[in-house]
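# Observations on chain architecture
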Amino acid sequence: DSGVTQTPKHLITATGQRVTLRCSPRSGDLSVYWYQQSLDQGLQFLIQYYNGEERAKGNILERFSAQQFPDLHSELNLSSLELGDSALYFCASTRDRAQETQYFGPGTRLLVL
Amino acid sequence: KNEVEQSPQNLTAQEGEFITINCSYSVGISALHWLQQHPGGGIVSLFMLSSGKKKHGRLIATINIQEKHSSLHITASHPRDSAVYICAGNYGGSQGNLIFGKGTKLSVKP
């Protein structure tokens, strides 16, 4: 158990819908990363938050957004969903330094029908 | 282009064999991670390296900074080692996000 929790574990929805994925980092971790894993693209970095502020942005679509709340949990919002958004979404957390071991949550498996 | 490349893509071994998975990376990566992804999907961090060698149980990770190459070795492989092994790089600076290789799917037969 990494100490990182993600909800829900599975999500099935329809095209055009909006969903919210939630991540709670390990106790004391200030940084949260969101990653997407799809069959064709593999693992890709989406966005990073550090202590409530956006720190880095990767291949995140404009239809996607995220935020980190004062209690340090983070939410990833996916809107106007398309079939191609079906993937595993992971969050990971670290204490604060950039180069350190990342602790991954169990992931949310999203299926868009 | 910043990237991480792994080989082989797939690997089948007999229980007890010594296994090596290779990773090459581009200039700018300041730390190299090895991750294990279980068949159920969960990802576990195995090692983070910026120089030298690290060992944990039957797993050994090495990195050669001059050649921009890292290897993950598994000694006395066991069917429970069957998983996807992924190398990933951190670039320098304050951003800690990982750039991932495509993974090596390892199957260890009894």
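Each value, and the rule that gives it
Residues numbered from 1 in each chain as written. Chains lettered and ligands numbered in written order. Predicted model: local features only at pLDDT ≥ 70, side-chain atom pairs only at ≥ 80, totals over all residues. Heavy atoms only, no water. Buried < 20%, exposed > 50% of the residue type's maximum accessible area, 1.4 Å probe, protein only. Helix = DSSP H or I, 4+ residues; strand = E, 2+ residues; numbered from the N terminus. Pairing = 2+ DSSP bridges. Contact = heavy atoms within 4.5 Å. Buried area = accessible area lost by both parts, 1.4 Å probe. Salt bridge = Lys/Arg side-chain N within 4 Å of Asp/Glu carboxyl O. Polar contact = N/O pair within 3.5 Å; in protein donor to acceptor, adjacent residues only side chain to side chain. Nonpolar A, V, L, I, M, F, W, Y, C, P; charged D, E, K, R; others polar. Phe/Tyr/Trp six-rings, centres within 6.5 Å; stacked < 30°, edge-to-face > 60°.

## Re the pairing of strand β9 (residues 83-91) of chain B
Residue and element names in this part refer to chain B. Taken across its nine residues, β9 has eight buried, putting it largely inside the fold. The pairing of strand β4 (residues 29-37) with β9 spans eight bridges and is classified as antiparallel. Looking at β9, one finds that Gln 36 is bridged to Tyr 85. Note: β9 against strand β11 (residues 104-109), three bridges, orientation antiparallel. Among the inter-strand pairings, Ala 83 is bridged to a residue of β11, identified as Leu 106.

## Some words on the interface of chain B and chain A
Taken together, the contact pairs 21 residues of chain B with 18 residues of chain A. Buried surface at the junction of chain B and chain A, both sides included, amounts to about 1,500 Å², of which 60% is carbon and sulfur. If you sort the residues of chain B by the area they bury against chain A, Ile 43, Asn 97 and Phe 100 of chain B come out on top, with a joint share of 32%. Scanning the region where chain B abuts chain A turns up zero salt bridges. For the pair chain B and chain A, the interface holds two residue pairs in polar contact (both at pLDDT 80 or more). When residues of the side of chain B that touches chain A are assigned to their parent elements, the largest contribution, five residues, is made by β4 of chain B. The residue makeup of the side of chain B that touches chain A, split by class, is eight nonpolar, 13 polar and no charged.

## Here we look at the packing of aromatic side chains
Within this structure, the stated rule accounts for five aromatic pairs over all chains. Seen in terms of ring centroids, Phe 90 of chain A and Phe 104 of chain A are 6.4 Å apart; in terms of plane orientation they differ by 80 degrees. Their pairing is edge-to-face. With Phe 90 of chain A in strand β9 (residues 87-94) and Phe 104 of chain A in strand β10 (residues 103-104), this residue pair connects regions lying 14 residues apart in the sequence. Members of the aromatic cluster, joined through ring pairs, are Tyr 33, Tyr 35, Phe 45, Phe 90 and Phe 104 of chain A together with Phe 100 of chain B.

## Observations regarding the environment of His 73 of chain B
Residue and element names in this part refer to chain B. Note that His 73 resides in strand β8 (residues 69-74). The sequence separation of His 73 and Leu 59 amounts to 14 residues, and the corresponding C-alpha distance is 5.7 Å. Not counting residues up to four positions away in its chain, the partners in contact with His 73 are Phe 18, Ile 19, Thr 20, Arg 58, Leu 59, Ile 60 and Thr 62. Among the polar contacts made by the side chain of His 73, one reaches the side chain of Thr 20 at a distance of 2.9 Å.

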